[in-house]
Amino acid sequence: MKKRLLVATGGGDCPGLNAVIRAIVKRADQETDWEVVGSIEAFNGILTDPPQVVRLTNRDVSGIQNRGGTILKTTSKGGPFAWPTQHPDGSWTLEDRSTEMLERLVDPLHVDGVISIGGEGSMDIAQKLYEQGMNVIGIPKTIDNDLTSTDVTFGFHTAVEIATDAVDKLITTAASHNRLMILEVMGRHAGWIGLSSALAGGADVALIPEIPYDIEKVAEKIKHRMANGRGYAIVVIAEGAMPVGGDQTARKSDQIGYGNAILGGVGHRLLSELKDHVDVEARVVILGHLQRGGSPVAYDRILATQFGVKAVELALAGDYGKMVAYRTPHVVSVPIKDAINQYNYVSVDSDLVKTARGIGMCLGD
Ligand code: F6P
């Protein structure tokens, strides 16, 4: 009987997931004694009855490197440690089914190693399962690029391209109308997408979670750009940005098992705060999930492929409990536990921030 690798994609989807799955299957296919299966919807496929675990062959993954989303589906709700369970009275609780999941991996699924592709939440789950005895390798994914221990995650460059394209387009309409356009982009904890797309697109202001903004400074910059009602201004604001002394613009989800706060709306909040300081015609655009959709750019396909191959090689070597990572110019592995409980923030002393300031961009401080 062949040894089995199980692959799962968890958390929010991200351009490049299919390229990773393809690389895993293709690399494992070169080993005559290994085969790959995929769990549908993160680890849920293992825990559903009957299990939704499918065999993945070269034919299944042929040509999917340029497809967005994940052929294995994903979820941001629940997981083996918090399985949403409804009771006869209609109430819901979150149950720990991790032990049962580990048992199912042995019988009936006969899985020898698991590759878990996900963000911080998924890596946290992977580490806990590793501590309970599961042979797991992690592959980091997030468009936000906020995972530590790796220089970059796949999906990020695609999101930056999409956000930059939005800035380019907003400039032409802003200039035609002498308007202020506020573009809200993703970036829950870290402002990588916001700052990068602002730089690439030539925005006047970039507001990121790492630098709480002073509304007067933002207004000053906009006034300067739009003196006498002429000109136009572009602000890129990360969804996780906040004013000095204020909180993030977030609400609680009403979905059972969805633990994250739902961000969104800080662009509108910024505009209403600006109204007391500057008199301009303005519009707000929230880019939202467009940043996660569609085909990954070449960089992300390549990085995703590198991660997939490396993950299989770690599994073949029995080097579990590791997450693959990119440390320029090498693909390496790090203990999963080193990659969790912290975030990769934009450093306020970084060259990226200095460059933005160097061309006169306002960062809200
Ligand atoms: O993957 C991170 C992220 O893109 C955040 O920037 C955003 O807040 C979140 O996902 C939204 O996720 P969803 O609406 O899919 O749960």
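Conventions and cut-offs
- Residues numbered from 1 in each chain as written.
- Predicted model: local features only at pLDDT ≥ 70, side-chain atom pairs only at ≥ 80, totals over all residues.
- Heavy atoms only, no water.
- Pairing = 2+ DSSP bridges.
- Helix = DSSP H or I, 4+ residues; strand = E, 2+ residues; numbered from the N terminus.
- Domains from an automatic or database assignment.
- Buried area = accessible area lost by both parts, 1.4 Å probe.
- Salt bridge = Lys/Arg side-chain N within 4 Å of Asp/Glu carboxyl O.
- Polar contact = N/O pair within 3.5 Å; in protein donor to acceptor, adjacent residues only side chain to side chain.
- Near = heavy atom within 4 Å.
- Areas by Shrake-Rupley, 256 points an atom, 1.4 Å probe, with all protein chains shown as cover.
- Nonpolar A, V, L, I, M, F, W, Y, C, P; charged D, E, K, R; others polar.

## Remarks on the pairing of strand E15 (residues 330-335)
Stage number 1. As paired elements, strand E14 (residues 322-327) and E15 share 6 bridges and run antiparallel to each other. Directly across from Val 324, in E15, lies its bridge partner Ser 333.
Stage number 2. Connecting E14 to the antiparallel partner E15 that follows it, the hairpin turn spans 2 residues.

## Some words on the domain arrangement of the protein
Stage number 1. Examined at the domain level, the protein breaks down into domain 1 (3-154 + 296-328) and domain 2 (157-293 + 347-358).
Stage number 2. For the pair domain 1 and domain 2, the two sides together bury roughly 1,500 Å², of which 62% comes from carbon and sulfur.
Stage number 3. Contact with domain 2 buries area across many residues of domain 1, yet Lys 77, Ile 143 and Asp 144 alone supply 34% of it, more than any other trio.
Stage number 4. Where domain 1 meets domain 2, there are 1 salt bridge.
Stage number 5. The residue Arg 292 makes a salt bridge to Asp 13 at a minimum N-O spacing of 2.9 Å.
Stage number 6. There are 8 residue pairs in polar contact (both at pLDDT 80 or more) connecting domain 1 and domain 2.

## Observations regarding the site of the ligand
Stage number 1. Residues in contact with the ligand, as listed here, are Ile 143, Asp 144, Met 186, Gly 187, Arg 188, Glu 239, Tyr 258, His 289 and Arg 292.
Stage number 2. In this structure, an oxygen atom belonging to the ligand sits 2.8 Å away from a side-chain N or O atom of Asp 144.
Stage number 3. Between Arg 292 and the ligand, the recorded distance is 2.7 Å, taken from a side-chain N or O atom to an oxygen atom.
Stage number 4. Computed on the free molecule, the ligand has an accessible area of 400 Å², of which 80% lies beneath the protein chains in the complex.
Stage number 5. Residues belonging to the shell around the ligand are distributed by class as follows: 3 nonpolar, 2 polar and 4 charged.

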